[in-house]
Amino acid sequence: MDYYTEAHSFVANIAYQILPNWNITTDFSWTIGRGDIDKLDFDSMYPTGDAKLDAYTMTSAGQNPLQPYLYDVAYINGIDKYSNLDYQQIDFSIGTSYMLDSGVGIGLNYYFTHFDDDDPYVYGDEGNTAQFVMGYLTYAF
Amino acid sequence: MKRISVLITVAVLALAVIGASVCAAEDEKVFEGSLKAGATWNAQGRLHADEGGSKGGLEYNALAAKRWTGVFGGDLRVNSGVLDLSFDGLYRDLNDQDYEGMLSLGRVMVYKADYNRLYHRLGHVSLDNLEAHVFSTNKPKGQKPRTGTDPETGITYNTGGANTIGTASVYHTDRDPTNQYAISRELLKHSVAFHIPNVPEFDLTLHHRFEQRKGDRQAMTNSKCRACHIVSDTKEIKETNNEFGPELNLRIGTMAFNYSFMHREFNTDDQEMENLYNNTKGKVGEDFLNRVQYNSASGPLPYAEVPENRRNKHNAKFRWDINGHTTLNAFYLYSNNKNTSTRGAYDVLTGNYDDSLKLKDNTFGGRITARVMPGLTVNIFGKYQALDNSDVYVEKVQNRNNTKSGDTMTLAEGYIAHGADPAAVEEYIEPEYERLSGYDSNNFKVGVNAAWRVLRNLKIKGEYEFAEENRDHYDVHSVPESTKEHLFKFGADYHLMHGLKFALDYKMAFIDDAYRLNNASCTPDGSYGRYASKPNAADFYDLDRAYGPAIYDKRTGDRSNRPDQIYEVKFRTYWNAMSMLNTSFHVKYRYSKNGELDGRDWSNNLLMTGLNIMANPIRNLTISGGYTYMYDSYDSQYCIAIYDG
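Residues numbered from 1 in each chain as written. Chains lettered and ligands numbered in written order. Predicted model: local features only at pLDDT ≥ 70, side-chain atom pairs only at ≥ 80, totals over all residues. Heavy atoms only, no water.

**Some points on the overall build of chain B**
Heads up, the condition is: In this text, helices come from DSSP runs of H or I with a minimum length of four residues, and strands from runs of E with a minimum of two, each type numbered from the N-terminal end. Here's how the labels work: a residue is buried when its accessible area is under 20% of the maximum for its type, exposed when over 50%, partly exposed in between, all with a 1.4 Å probe on protein chains only. Here, residues are in contact when the closest pair of their heavy atoms is within 4.5 Å.
Broken down by element type, chain B carries 8 helices and 30 strands. Here chain B holds 645 residues, and 38% of them are scored as buried. Relative to all contacts within chain B whose residues are 6 or more apart in sequence, the contacts with residues 24 or more apart total 64%.

Quick look at the structure:
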């Protein structure tokens, strides 16, 4: 059984001081994550080889002849899908701040997050998008 | 919040004390700082509770559940000569706070504190993956039988005429399906250091670390109907980790001594989760009461419990600069970790009445570093570790089946009554025994390495290390008695020209008897063993069809995910192309495998690589970027365990 995970991650940052009292900063990151178990493909083990169970199943009236399938390894085929991981996340932010001569400053930041969940599993689809805007005043003394 | 108040109070008092100094200091600015106030607007809209686990990218974002939040912060610097103080803080939400501060009184006493609080969204498992009720035509309420043919397996379900056979089915119930689980974590670290004036050889520091986790999470267990029904519920969490202790440094001539003691207590006031289980029933009416350790008459059992523990650790370090070329380092570590929650309701399961589990660690080691000639440095090092874990007395509760079927035997009596050898039954049942810990071991490591600057711009390195683990109770845990590892490292650093450097490292390790579980899986002929629990008394008490003899004892495959061979190569380069451009590139590849698993080898391939660039194309402009790639793959034999019960 093969299992793999892989991840690509890009990051970038730009910081620029336009004027002595005015600067701007931006950040960007992009992450891609994948993981997978190779497809499982078991042959059916029916009949089970357990003569006693088979004999009981085949000769007892009223019993379901499919009973041995309860223990068939082929029934496990498909669980590899539970291992699938496929997502990407993008984070971006940009902000600027400006300082007045009097020591008073203003700032404005924007944040963006996007998450794509292309193969949801036990936690459900975790994909979403979020945006935040933050404004603030500063006073230096 | 009390701790934040303490920090703020300290800051205010300090400001009051230095007020006069501030007024007196006309030329020198001893008091400076800034204040910050604002608000954050959630432009996308609140993350609603009914969105369940949709937390991707927002796992640690406390602001996502609110439309508006305030932002308050500031910093303060005071340098009066006698009293120095600094403080930085930012409040964005009750669950998003950061503060750090320092107060120095003439450098004789220095107090440092760091506090932060964050929010961690946890997942909510739907439990759908546990569904396994495919064969039942006599379906429970709300469940649908599977029909038709599976295109992948070719199995046709419910072809008609079938009666109930659904006893291997598993159902689930989420008792709180809309709750969005999260934990709020607070961490306070602070220390106070004392430096005696005119005695620079000695200093004493008192450390304290306090961590608290509050919130709720999903807890899972079997329902009262036992393993055929999985249920989950909400568990309220309130845990604290309290850690404190002194550290002293002493320097005498060319020798330096460091000693620290740490006492840590992990305590929990979590919601106590309990479940009362019904007696297990067989599919055709046989009672299985004598096959389980737990008797429902004993009351409910706890589940999803995190044990409390207490740890004491002594750590001593010694350094001696013997001469200008040779240094000796030595250390000793003693640690005693005590699990204080193994009593109470668990006694009924373990028989370990009123006792606590302890893990003791005694480790000592040393290193000699010598510059044997100009450009050549040699290290010789070694370490010894002894781990001692508590043994546990286990007494199995031998229940009797009830009288419904007229059968009142214990399981052992049943086996013997149906012809089993009493000695074999005794060996299989083990009514009471001493559980010897798999942690008990004696381990050591010795090695030597050298670095030689062959040329002004070329340094070569080499290392050999031998490590051995010896396990005291390897036989009862079906693991190797000892594991021996030979590790070799080679490397070179080359400085080609100004601003361009290369580093190449190669590592290989050969391990004899890597840690593994012997006879862990796989029957020899793929027959999957024979089944137990046939619905008549003769088979029910047929020892040859019990799980031990029929399944566990038949397994022949050793399993491990530890390698017996490792090969790793790393390459790094740094290039300062010009004053405004820096780049670095790294790549690592590792191949490891275990070929001691009877042909069922385990292997791992790991590749990591990345590129980083930083540039200053014009004044006041900085651009940086990076790319990282990771590929990790495993290949392992998979043996399917088949259970019938």
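**Brief notes about the overall build of chain A**
Applied cut-off: Residue burial considers only the protein chains on display, and all accessible areas are found by Shrake-Rupley using a 1.4 Å probe.
Helix and strand counts for chain A come out as 1 helix and 5 strands. Along chain A, from the amino end to the carboxyl end, the secondary structure elements read β-β-α-β-β-β. With 141 residues in all, chain A has 35% of them scored as buried. Contacts in chain A between residues at least 24 apart in sequence constitute 60% of all its contacts with a sequence separation of at least 6. When the accessible surface of chain A is totalled, it reaches about 7,300 Å², and 60% of it is carbon and sulfur.

**Concerning the layout of surface pockets**
All names here are of chain B. Note the following rule: Method remark: on a 1 Å grid restricted to protein atoms, a set of points is classed as a cavity if a 1.4 Å probe fits but cannot get out and as a pocket if it is open with protein on both sides within 12 Å along at least five of seven lines; lining residues have an atom within 4 Å of a point. Grid points are joined across faces, edges and corners, and a volume is the space filled by probe spheres set on the points. Three classes are used, and their members are as follows: Ala, Val, Leu, Ile, Met, Phe, Trp, Tyr, Cys and Pro are nonpolar, Asp, Glu, Lys and Arg are charged, and the others, Gly among them, are polar.
Counted as a void, the second largest pocket has a volume near 560 Å³. Lining of the second largest pocket is provided by 23 residues; of these, Glu469, Arg471, Thr483, Glu485 and Arg562 occupy positions nearest its centre. Contributing elements (two or more residues each) for the lining of the second largest pocket: β18 (376–389), β21 (441–455), β22 (458–471) and β23 (482–497). For the lining of the second largest pocket, the element with the most residues is β22, which contributes 5 residues. Of the residues contributing to the lining of the second largest pocket, the split by class is 9 nonpolar, 5 polar and 9 charged.

**With respect to the packing of aromatic side chains**
Operational definition: The rule is short: rings of Phe, Tyr and Trp, with Trp giving its six-membered ring, pair when the centres are within 6.5 Å, and they are stacked under 30 degrees, edge-to-face over 60, tilted in between. Note on criteria: charge over ring means Lys NZ or Arg CZ within 6 Å of the ring centre, with the direction from the centre no more than 35 degrees off the ring normal.
Scanning the entire structure with this criterion turns up 19 aromatic pairs over all chains. Seen in terms of ring centroids, Phe87 of chain B and Tyr99 of chain B are 6.3 Å apart; in terms of plane orientation they differ by 20°. Their pairing is stacked. Placement of Phe87 of chain B in strand β3 (residues 83–93) and of Tyr99 of chain B in strand β4 (residues 96–105) is noted, with a sequence separation of 12 residues between them. With a centroid separation of 5.1 Å and an interplanar angle of 45°, the aromatic rings of Tyr464 of chain B and Phe488 of chain B are classed as tilted. Of this pair, Tyr464 of chain B sits in strand β22 while Phe488 of chain B is found in strand β23, placing the two residues 24 residues apart along the sequence. Judged by its relative accessible area of 29%, Tyr464 of chain B is partly exposed. Connected via pairs of aromatic rings, a cluster forms that spans Tyr464, Phe488, Phe510 and Tyr567 of chain B. Sitting over the ring of Tyr136 of chain A, Lys36 of chain B keeps its end group 4.2 Å from the ring centre.

**Quick word on the confidence of the model for chain A**
Cut-off, in case you're wondering: Confidence of the predictor at the level of single residues is captured by pLDDT, which takes values from 0 to 100.
Averaged over all residues, the pLDDT of chain A is 81; the fraction at 70 or higher stands at 74%. A low-confidence stretch, residues 47–69 of chain A (pLDDT under 50), is modelled with 41 contacts involving residues beyond four sequence positions or located in other chains.

**What to know about the nonpolar core**
Residue and element names in this part refer to chain B. Here is the rule: Buried Ala, Val, Leu, Ile, Met, Phe, Trp, Tyr and Cys residues form a nonpolar core when they are joined through side-chain atoms within 4.5 Å.
Within the largest apolar cluster, 10 residues are counted, these being Leu411, Ala412, Tyr415, Ala420, Val425, Ile429, Phe540, Tyr541, Leu543 and Ala546. With 3 residues, helix α4 (residues 411–417) is the single largest residue contributor to this core. Residues contacting Ala412, with those up to four places away along its chain left out, are Gln398, Val425 and Ile429. In terms of nonpolar packing, the next biggest core, distinct from the first, is built from 6 residues, Leu47, Leu58, Leu63 and Ala64 among them.

**Thoughts on the pattern of salt bridges**
Rules: Here a salt bridge means any side-chain nitrogen of Lys or Arg lying within 4 Å of a carboxyl oxygen belonging to Asp or Glu.
Throughout the structure, instances matching the rule amount to 26 salt bridges over all chains. Salt bridges sharing common partners tie together Lys461, Asp493, Asp505 and Arg572 of chain B.

**A closer look at the confidence of the model for chain B**
Residues and elements named next belong to chain B. On average, residues of chain B carry a pLDDT of 82, and 77% of them reach 70 or more. Below a pLDDT of 50 lies the segment residues 4–26, which in the model reaches 24 contacts outside its immediate sequence neighbourhood of four places, other chains included. Low pLDDT, under 50, characterises residues 528–535; the stretch is placed with 35 contacts to residues that sit more than four places away or in other chains.

**Some words on the environment of Ile460 of chain B**
Relative to the helices and strands, Ile460 of chain B is located in strand β22. With residues up to four places along the chain from it excluded, the contact list for Ile460 of chain B reads Ala450, Ala451, Trp452, Val454, Gly491 and Ala492 of chain B.

**A word on the pairing of strand β15 (residues 309–321) of chain B**
Residue and element names in this part refer to chain B. Heads up, the condition is: Each pair of strands is called paired provided DSSP finds at least two bridges between the two strands.
Pairing of strand β12 (residues 255–268) with β15, which is carried by 12 bridges, proceeds in the antiparallel orientation. Counted as the bridge partner of Met255 is Trp320 from β15. Two elements, β15 and strand β16 (residues 326–339), share 13 bridges in a ladder whose sense is antiparallel. Bridge pairing in β16 links Lys317 to Phe331. Following β15, the chain reverses through 4 residues before pairing antiparallel with β16.

**Quick look at the environment of Met99 of chain A**
Residues and elements named next belong to chain A. Checked against the element boundaries, Met99 lands in strand β3 (residues 85–99). A residue is classified by how much of its surface remains accessible, and Met99, at 32% relative accessible area, is partly exposed. On a C-alpha basis, the gap between Met99 and Ile24 in space is 12 Å, while along the polypeptide they are 75 residues apart. Sequence-distant contacts of Met99, defined by excluding residues within four places in its chain, comprise Asn21, Val104, Gly105 and Thr138.

**Thoughts on a nonpolar patch on the surface**
All names here are of chain A. Here is the rule we go by: Candidates for patches are residues over 30% relative accessible area with no salt bridge; among them, like charges are joined within 9 Å and nonpolar side chains (Val, Leu, Ile, Met, Phe, Trp, Tyr) within 5 Å.
Together, Ile18, Leu19, Trp22, Tyr98, Leu100, Ile106 and Leu137 make up a nonpolar patch on the protein surface, roughly 600 Å² of accessible area in all. Turning to its location among the elements, Trp22 is positioned in strand β2 (residues 22–37). With a relative accessible area of 34%, Trp22 lands in the partly exposed category.

**What to know about unusual backbone geometry**
Residue and element names in this part refer to chain B. Not every positive phi belongs to a glycine, and Ser478 is a case in point at roughly 55°. Mapped onto the elements, Ser478 comes out in the loop between α6 (474–477) and β23. Ser478 sits in the partly exposed class, given a relative accessible area of 30%. The phi torsion at Asp513 lies on the positive side, around 55°, for a residue other than glycine. Here Asp513 shows up in the loop between β24 (500–512) and β25 (517–521).

**Here we look at the side chain of Ser184 of chain B**
Residue and element names in this part refer to chain B. Stated formally: Pairs of N or O atoms within 3.5 Å make up the polar contacts considered here, provided that, within protein, one atom can donate a hydrogen while the other can accept it, and that residues adjacent in sequence are counted only when both atoms are side-chain atoms.
Note on placement: Ser184 falls in strand β9 (residues 182–195). For Ser184, the side chain forms a polar contact with the side chain of Asn95, separated by 2.5 Å. Setting aside its immediate chain neighbours within four residues, Ser184 contacts Asn95, Arg117, Leu118, Tyr119, Gln212, Arg213 and Lys214.

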